[in-house]
Amino acid sequence: MSENLRETIEKNEAILADPNATMEERRFARMDLAVSRRLIAKGVELLEDGPGA
C-alpha cells in the first residue's frame, strides 16, 4: 500500500499534540515526521511499495 507523506505528517502532528499519547508513540511520530518532511523537501510526495510487497 502506498503512503501519502502529507497525510503521514498530519497524522504524526496529531499524535504529538495528543496529551494521552505514550512516550513511545511520540518518539516514533517525531522520527517519522522528520523523515517525511525531509522526503517532501526532496520532492517525494508518495511512497510506493516495492515490487516484492
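This section reports on the structure supplied with the text. (Residues numbered from 1 in each chain as written. Predicted model: local features only at pLDDT ≥ 70, side-chain atom pairs only at ≥ 80, totals over all residues. Heavy atoms only, no water.)

### A closer look at the packing of helix H1 (residues 5-17) against helix H2 (residues 23-41)
Two elements in contact, H1 and H2, have axes whose closest approach is 9 Å; the angle formed by their N-to-C orientations is 150°. Relative to H2, the element H1 lies roughly antiparallel. As for how H1 packs across H2, the hand of that crossing is left-handed. Between H1 and H2, the contacting residues are Leu5, Arg6, Thr8, Ile9, Asn12, Glu13, Ile15 and Leu16 on the first element and Glu25, Arg26, Ala29, Arg30, Asp32, Leu33, Ser36, Arg37, Leu39 and Ile40 on the second. (Axes fitted to C-alpha atoms, helices over the stretch in contact; angles between N-to-C directions. Helix = DSSP H or I, 4+ residues; strand = E, 2+ residues; numbered from the N terminus. Parallel < 35°, antiparallel > 145°, perpendicular 65-115°, else oblique. Left-handed = near helix turned anticlockwise from the far one by under 90°. Contact = heavy atoms within 4.5 Å.)

### Section: the environment of Glu7
Within the secondary structure layout, Glu7 lies in helix H1. In this structure the C-alpha to C-alpha distance between Glu7 and Leu46, which are 39 residues apart in sequence, comes to 9.9 Å.

### Observations regarding the pattern of salt bridges
Within the structure shown, the criterion is met by two salt bridges. Here Arg6 makes a salt bridge to Glu45, at a shortest N to O gap of 3.1 Å. On the criterion of sequence distance, the pair formed by Arg6 in helix H1 and Glu45 in the loop between H2 and strand E2 (46-47) is long-range, its members being 39 residues apart. By relative accessible area, Arg6 is classed as partly exposed at 45%. Among the residues examined, Glu45 registers a relative accessible area of 37% and is labelled partly exposed. Glu13 is the partner of Arg37 in a salt bridge, and the nearest nitrogen-oxygen pair spans 2.8 Å. With Arg37 in helix H2 and Glu13 in helix H1, this pair connects stretches of sequence that are 24 residues apart. By relative accessible area, Arg37 is classed as partly exposed at 44%. (Salt bridge = Lys/Arg side-chain N within 4 Å of Asp/Glu carboxyl O. Buried < 20%, exposed > 50% of the residue type's maximum accessible area, 1.4 Å probe, protein only.)

### Quick look at H2
One turn of the α-helix equals 3.6 residues, which is why residues spaced by three or four share an orientation. Helix length check: H2 (19 residues) gives 27 Å between terminal C-alpha atoms against 27 Å at 1.5 Å per residue, within 8%. By the burial criterion, the buried members of H2 are Arg26, Ala29, Asp32, Leu33, Ser36 and Ile40. Within H2, the buried residues cover an arc of 135° as seen down the axis, which keeps them to one side. Counted as exposed and oriented over 90 degrees from the buried face of H2: Met23, Glu24, Phe28, Met31, Arg38 and Ala41. Elements in contact with the buried residues of H2: H1. Looking at the residues trailing H2, positive phi occurs at Gly43, about 100°. (Expected span 1.5 Å × (residues − 1). Arc of directions from axis to C-beta.)

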